Amino acid sequence: MTAYRFVHAADIHLDSPLRSLALRDRELADFIGNASRQVFARIIDLCLEERVQALLLAGDLYDGDQTSMKTARFLGEQLRRLDAAGIRIFIIRGNHDALARITKELVFPPNVHLFGGRAEAVEVERDRGERSIVIHGLSFAKPHAPEGLLPKYRPPVQDATNIGLMHTSLGGSPSHDVYAPCSTSDLLGSGFRYWALGHIHKRSTIEGSCSIVMPGIPQGRDVGESGPKSVTLASVLDDGSIVLDERIVSLAQFERIGLDASGTTTWHDLVARLETSLQDAATRSVSDHLVVRLAVSGTTPLAWNMRRDADLLRTEAETRAKSLGDVWIDKLEIDCRRTPAGATASTDQLDALRRTMNDEVVASEGFRTEATDTVKELLAQLPPECRRAIAPDEAALEDLVARLASEGAEEVLARLSIGDPDGAR
C-alpha cells in the first residue's frame, strides 16, 4: 500500500489588481500582479515533481468579477498539465470566486471536480486493500456567507479518511471579513481527518487526530502579507495518520525592514547603514525576490534632512537595492526625531514653534475633534477590511490621529529648516 498524497493551496487570487501598490510604483505592481500566475505554475510543478494524487484548492482561485479570457486560458493550460499526469483536482468557490464569471463559463478538464452550492462527498478511486479516501466540499453560492457552513456538510464516511474543503474566516480575523464562521473545536469534533481551509491569508496549522490547515496566500501582495508564502504537501499514511510538509512557493516576499539611524551625523553614514540593512535582509530572504518597506527611525541631526529630501533618500535606497539584484523598494517611512548639533537662532525659533504646535495646537480639544473627523472621512473611503486593519477600535483611532499629528508637525519643521546648516550633507 502507498500513501495518498495531495497538495493543498488556497487564495491564489489570479491576476489580482494591486491598486494601492500601483499608486506608488506601477512597475512593481505589474511584477507582483503577474507573480500570482508564476506561483500557480510553481504549485502545478510541485504536484508533478512530487507525483501526488490530487491538488486541493480551497477557494478564491480568482480575485473577483474577472472577465479576462487570458486568465481562463492560462488556468486551463495549467490544469491540463495535471490532467495529462493523471492528477485529480478538487476545487471549491470562495467569496471572490462566487463573483467570477469565468467560474461559470470555463470548461474544466475531466480531472477537475468543482464542488457546487450543495455539499458533496467524492470517494477517491484506490487499489484494492487501500484505505478509502473521501473528499468533501461545498462552494459559496453567493459572495457573502454570514452563517456557518459546517452543518451543511455531509457526515464523515465510516472506515474512511475524510478530507474536507472549506472557505471560512474561522473565529474571525481583523483584516478579513466574516465568511462562513466556525470554531476550530467544531472542526476537531467533526469526525474528519483533515480540513483544507482557505480565506485567511496567514498560514496556520493544528495537528493531531484532526489536522486543520490554513495554508495562507501563496504569493503576498503587499507588506500586510509579509514573509515567505507556501502551500501544504500532505501524506495520508496506511494507518490513516497524516504528515504535513510546508513548501515555500512565493516568487517574491514582502518584508518591513527597520533602520535605526540613531548616531548618524552625515548623509554618507546614513546611506552606508541603509545599504547594510538591505544586504542583511536580502541574505535572509528565502524567495527569489525581496520587496522592502523601509522604516527609518531613531534620533539624529539628519532627521529633518531625511524628511525634506525623502525623494533623494528613496533614490539612494533604490540604487542600493538594484545593485543587490532582485530587491525592490516598496515604500520609505521616516519616523526620526532631531538632536541639533548646536543651538542657533534658527533652531531656537523652530524649537519654539514645535512647543507651540504640540502644547497649544495638537493638545487642544478643537484640533483633536477636527482631525478625528478628517481621518474618519478618509477611512470611510477604504474597503472594510482595510479600515479594520488600520483602526479596529476607538483607541486605535485616537492613536492614529495622534501619530499623524506628530508626524505632520515634524514635516512642517523639516520644511521650514531648509536654511538650517545643522546636519547638512
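So, a few notes on the structure that sits alongside this text. Counting starts from 1 at the beginning of each chain's written sequence and moves along it residue by residue. In view of the model being predicted, local features appear only for residues whose pLDDT reaches at least 70, and side-chain atom pairs are presented and counted only at 80 or more, with totals across whole chains, interfaces and linings using the full set of residues. Hydrogens and waters are ignored; side-chain quantities use all the structure's heavy atoms.

Some thoughts on the packing of helix α2 (residues 26-50) against helix α3 (residues 69-84)
1) Next: Running from amino to carboxyl end, α2 crosses α3 at an angle of 10°, the nearest separation of the two axes being 9 Å. By the angle between their directions, the pair α2 and α3 is classed as roughly parallel. Touching Arg37, Phe40, Ala41, Ile44, Asp45, Cys47 and Leu48 of α2 are Lys70, Thr71, Phe74, Leu75, Gln78, Leu79, Arg81 and Leu82, all from α3.
2) Next: Classification convention: Asp, Glu, Lys, Arg as charged; Ala, Val, Leu, Ile, Met, Phe, Trp, Tyr, Cys, Pro as nonpolar; all other residues, Gly among them, as polar. Residue classes in the contact of α2 with α3 are distributed as nine nonpolar, two polar and four charged. Lines fitted to the C-alpha atoms define the axes, with helices restricted to the stretch that makes contact. Angles between their N-to-C directions range from 0 to 180 degrees. Each helix is a run of DSSP H or I of at least 4 residues and each strand a run of E of at least 2, with the numbering of both proceeding from the N terminus. Roughly parallel here means an angle under 35 degrees, roughly antiparallel means over 145, roughly perpendicular means 65 to 115, and every remaining angle is called oblique. Whether two residues are in contact is decided by their heavy atoms, any of which lying within 4.5 Å being enough.

Side note on the sheet that holds strand β1 (residues 4-9)
1) Next: Taken together, the six strands give an open sheet; going across it, the order is β4-β3-β2-β1-β11-β12, and neighbouring strands pair in mixed fashion. Two strands bound the open sheet, and with one partner strand each, they are β4 (112-114) and β12 (242-248). Neighbour-to-neighbour, the strand axes of this sheet turn through a mean angle of 20°, independent of strand direction.
2) Next: With respect to the sheet, α2 is in contact with β1, β2 (54-58), β11 (230-236) and β12, its orientation differing from that of β1 by roughly 170°. Should DSSP find at least two bridges between two strands, the strands are taken to pair.

Regarding a negative patch on the surface
1) Next: Patches here: salt-bridge-free residues with over 30% relative accessible area, like charges joined within 9 Å, nonpolar side chains (Val, Leu, Ile, Met, Phe, Trp, Tyr) joined within 5 Å. Using a 1.4 Å probe, the Shrake-Rupley method yields the accessible areas, and only the shown protein chains count as cover for residues. Salt bridge, as used here, is a side-chain nitrogen of Lys or Arg placed within 4 Å of a carboxyl oxygen of Asp or Glu. None of His or the chain ends enter the tally, which takes Lys and Arg as positive and Asp and Glu as negative. Charge positions are represented by NZ for Lys, CZ for Arg, CG for Asp and CD for Glu. On the surface, a cluster of negative charge is made up of Asp393, Glu394, Glu398 and Asp399.
2) Next: Mapped onto the secondary structure, Asp393 falls in the loop between α11 (384-390) and α12 (394-416).
3) Next: Remark: exposure states derive from per-residue accessible area (1.4 Å probe, protein chains only) relative to the maximum for the residue type, with buried under 20%, exposed over 50%, and partly exposed in between. Overall, Asp393 belongs to the partly exposed group, its relative accessible area being 43%.

Quick word on the packing of helix α10 (residues 365-379) against α12
1) Next: Packing of α10 against α12 leaves a shortest axis separation of 10 Å and a crossing angle of 105°. Relative to α12, the element α10 lies roughly perpendicular. On the side of α10, the interface is formed by Phe367, Ala371, Thr372, Val375, Lys376 and Leu379, while α12 contributes Leu397, Leu400, Val401, Leu404 and Ala405.
2) Next: Among the residues making up the contact of α10 with α12, the classes are represented as nine nonpolar, one polar and one charged.

Regarding unusual backbone geometry
1) Next: In this model, His13 sits at a positive phi of 50°, which is unusual for a non-glycine residue.
2) Next: The buried category is assigned to His13, whose relative accessible area is 2%.
3) Next: In this model, His199 sits at a positive phi of 120°, which is unusual for a non-glycine residue.
4) Next: Residue position: His199 is located in strand β8 (residues 194-199).
5) Next: By relative accessible area, His199 is classed as buried at 4%.

A few points about the environment of Arg256
1) Next: Note that Arg256 resides in strand β13 (residues 252-260).
2) Next: For the pair Arg256 and Val291, spaced 35 residues apart in sequence, the C-alpha separation works out to 8.6 Å.
3) Next: Among all residues touching Arg256, those that are not within four sequence positions of it are Val223, Arg293 and Glu333.
4) Next: Polar contacts involving the side chain of Arg256 include one to the side chain of Glu333, which spans 2.9 Å. Polar contacts, as counted here, are pairs of nitrogen or oxygen atoms within 3.5 Å of one another; within protein the pair requires one atom able to donate a hydrogen and one able to accept it, and residues that are adjacent in sequence qualify only if both atoms are side-chain atoms.

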